[in-house]
Amino acid sequence: MERNYYSTTSTFVHPNELNWRTAFHEAGHAAAIHLGNRQKQLPPVFFEIHVKRPVNAYDDFFAKVVDGNLIQNLPIAVVESFNDLSDDNQQHACQRAYEADVVNLLVGPLAEAKYVSIRDDEVFNINLISFNALHNYGGCSDLEKALSYLDHFIASKSQREEKMQELLLQAFRFIDNRRHWKCILNLAHYILDSQQEIISCDEAIGIFDRCLTANTPFRSVSYPFLFG
């Protein structure tokens, strides 16, 4: 899972602002993979965040979540247990996994979109967000992969479109949750502030766990670059 660094629009994005957008995008993916899957009582799945930090003025900041796809990483015991299930139950188990993966893909660009709306002091709600609009928030590859999931599992185009709207709403509700957003916010700061090239799964989970404790303050976003 990684942000696309090109857009269908001609709007210029300052490199430092792009760093912030990237951090929120990847933090959104990571939070959804861990917290979202756990909330749905799905198996945990390994992921890590790879970060390329600039060493000179000509280098770009780059970050991406590696792995984290549930459907491709179901534990062997879970896969083998499908043999003991009826065909309907096997289909339901796979459906829960691919739907979770799609939601986790959508949360990345949605988190970036929410960051931009907060930065610009604009309203952010589901009525202002569409599937296609997420292309403007680095979501091209995420959306392409989400569509490929649905193409594989749902034959009817109308049913695919209906399911995508359902999963987009789930993704929106995830980031609209104050506790989830707190986790995304703190991990985004960590991605930008740490000097590590690889942020491990355990490190990210540790940040989430600390965020969800009662004594952790809600960290505000500092915006070094404001536009408009």
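Residues numbered from 1 in each chain as written. Predicted model: local features only at pLDDT ≥ 70, side-chain atom pairs only at ≥ 80, totals over all residues. Heavy atoms only, no water.

Within an unreviewed UniProt entry, the label attached to the protein reads Peptidase M41-like protein, and the organism entered is Methylomonas defluvii.

**Points about helix H6 (residues 178-193)**
Stated formally: Helical segments are the DSSP runs of H or I of at least four residues, strand segments are the runs of E of at least two, and each set is numbered from the N terminus. To estimate the expected span of a helix, subtract one from its residue number and multiply by 1.5 Å. Under the scheme applied here, a residue whose accessible area is under 20% of the maximum for its type counts as buried, over 50% as exposed, and between as partly exposed, the area being computed with a 1.4 Å probe on protein chains only. Any pair of N or O atoms that falls within 3.5 Å is considered a polar contact. Within protein, one atom must be able to donate a hydrogen and the other to accept it, and sequence-neighbouring residues count only if both atoms are side-chain atoms.
Compared with an ideal rise of 1.5 Å per residue, which puts 16 residues at 22 Å, H6 spans 22 Å between its outermost C-alpha atoms and is within 8% of the ideal. All buried positions along H6 are accounted for by His-180, Trp-181, Lys-182, Cys-183, Ile-184, Leu-185, Asn-186, Leu-187, Ala-188, His-189 and Ile-191. The distance from a side-chain oxygen at the start of H6 to the backbone nitrogen of Arg-179 is 2.9 Å, and the residue carrying that oxygen is Asn-177.

**Some words on the environment of Gly-139**
Along the polypeptide, Gly-139 turns up in the loop between helix H3 (87-119) and helix H4 (140-153). Taking the relative accessible area as the measure of exposure, Gly-139 reaches 0% and is therefore buried. As a C-alpha pair, Gly-139 and Leu-110 span 29 residues in sequence and 8.6 Å in three-dimensional space.

**Some details on the nonpolar core**
Operational definition: Take the buried residues of types Ala, Val, Leu, Ile, Met, Phe, Trp, Tyr and Cys, join any two whose side-chain atoms come within 4.5 Å, and each joined set is a nonpolar core. Residues count as neighbours in contact if any of their non-hydrogen atoms are within 4.5 Å of one another.
With 62 residues, the main nonpolar core has Leu-106, Leu-110, Ile-184, Leu-187 and Ile-191 as its most contacted residues. A total of 13 residues in this core trace back to one element, the largest contributor, which is H3. When sequence neighbours within four positions are dropped, the list of residues in contact with Leu-110 reads Phe-124, Ile-129, Leu-134, Leu-168, Ala-171, Phe-172 and Ile-175.

**Re the packing of aromatic side chains**
What counts here: Between rings of Phe, Tyr and Trp, where Trp is taken as its six-membered ring, a pair exists when centres lie within 6.5 Å; planes separated by under 30 degrees are stacked, by over 60 edge-to-face, and by other angles tilted. Here, over-ring charges are defined by two tests on the NZ atom of lysine or the CZ atom of arginine: distance to the ring centre within 6 Å, and angle to the ring normal within 35 degrees.
Counted according to the given criterion, the structure contains six aromatic pairs. Here Phe-24 and Trp-181 contribute two aromatic rings whose centre-to-centre distance is 5.6 Å and whose plane-to-plane angle is 25°, an arrangement assigned as stacked. Remark: Trp-181 occurs in helix H6 and Phe-24 occurs in helix H1 (residues 15-39); sequence separation between them is 157 residues. Considering the side-chain rings of Tyr-98 and Phe-153, the 4.1 Å spacing of their centres and the 10° angle between planes classify their relative orientation as stacked. Here Tyr-98, found in helix H3, pairs with Phe-153, found in helix H4; they are 55 residues apart in sequence, far enough to count as distant. Take Tyr-98: its relative accessible area is 4%, and that puts it in the buried class. Grouping aromatic residues by their ring pairs yields a cluster made of Trp-20, Phe-24, Tyr-115 and Trp-181. It is Lys-114 that lies over the ring of Trp-181; its NZ or CZ is 4.6 Å from the centre.

**Describing the layout of surface pockets**
Filter applied, for reference: Space inside and on the surface of the protein is sampled on a 1 Å grid over the protein atoms alone, with a cavity defined as a set of points where a 1.4 Å probe fits but cannot get out and a pocket as an open set with protein on both sides within 12 Å along at least 5 of 7 lines; lining residues have an atom within 4 Å of a point. Grid points are joined across faces, edges and corners, and a volume is the space filled by probe spheres set on the points. Following the grouping adopted for this structure description, the nonpolar residues are Ala, Val, Leu, Ile, Met, Phe, Trp, Tyr, Cys and Pro, the charged ones are Asp, Glu, Lys and Arg, and the polar ones are all others, Gly among them.
Quantified by volume, the second largest pocket comes out at close to 280 Å³. Taken together, 14 residues form the lining of the second largest pocket, with Pro-15, Asn-16, Asn-19, Asp-60 and Phe-61 sitting closest to its centre. By residue class, the composition of the lining of the second largest pocket is eight nonpolar, four polar and two charged.

**Section: the confidence of the model for the protein**
Detailed reading of the predicted coordinates is not advisable wherever pLDDT falls low. Rules: You can read pLDDT as the predictor saying how much it trusts each residue, on a scale of 0 to 100.
This prediction gives the protein a mean pLDDT of 84; 80% of its residues lie at or above 70. Looking over the protein, one finds the lowest element-wise mean pLDDT in helix H2 (residues 76-81), namely 48, and the highest in strand E3 (residues 198-199), namely 96. Contacts for the low-pLDDT stretch residues 223-228, under 50 throughout, to residues beyond four places or in other chains number 13 contacts.

**Description of the packing of H6 against helix H7 (residues 201-211)**
Spelled out, the test is: Convention adopted: a line fitted to C-alpha atoms gives each axis, helices being fitted over their contacting stretch, and angles between N-to-C directions are expressed from 0 to 180 degrees. Each angle gets one of four labels, with under 35 degrees taken as roughly parallel, over 145 as roughly antiparallel, 65 to 115 as roughly perpendicular, and the rest as oblique. Handedness of a helix crossing follows the sense of rotation of the near helix relative to the far helix, less than a right angle counterclockwise being left-handed and clockwise being right-handed.
Between H6 and H7, the shortest axis-to-axis distance is 9 Å and the interhelical angle comes to 135°. By the angle class used here, H6 and H7 are oblique. Here H6 and H7 pass one another in a crossing that is right-handed. Taken together, the residues of H7 that come into contact with H6 (itself represented by Lys-182, Cys-183, Asn-186, Leu-187 and Tyr-190) are Glu-203, Ala-204, Ile-207, Phe-208 and Cys-211. Residue classes in the contact of H6 with H7 are distributed as seven nonpolar, one polar and two charged.

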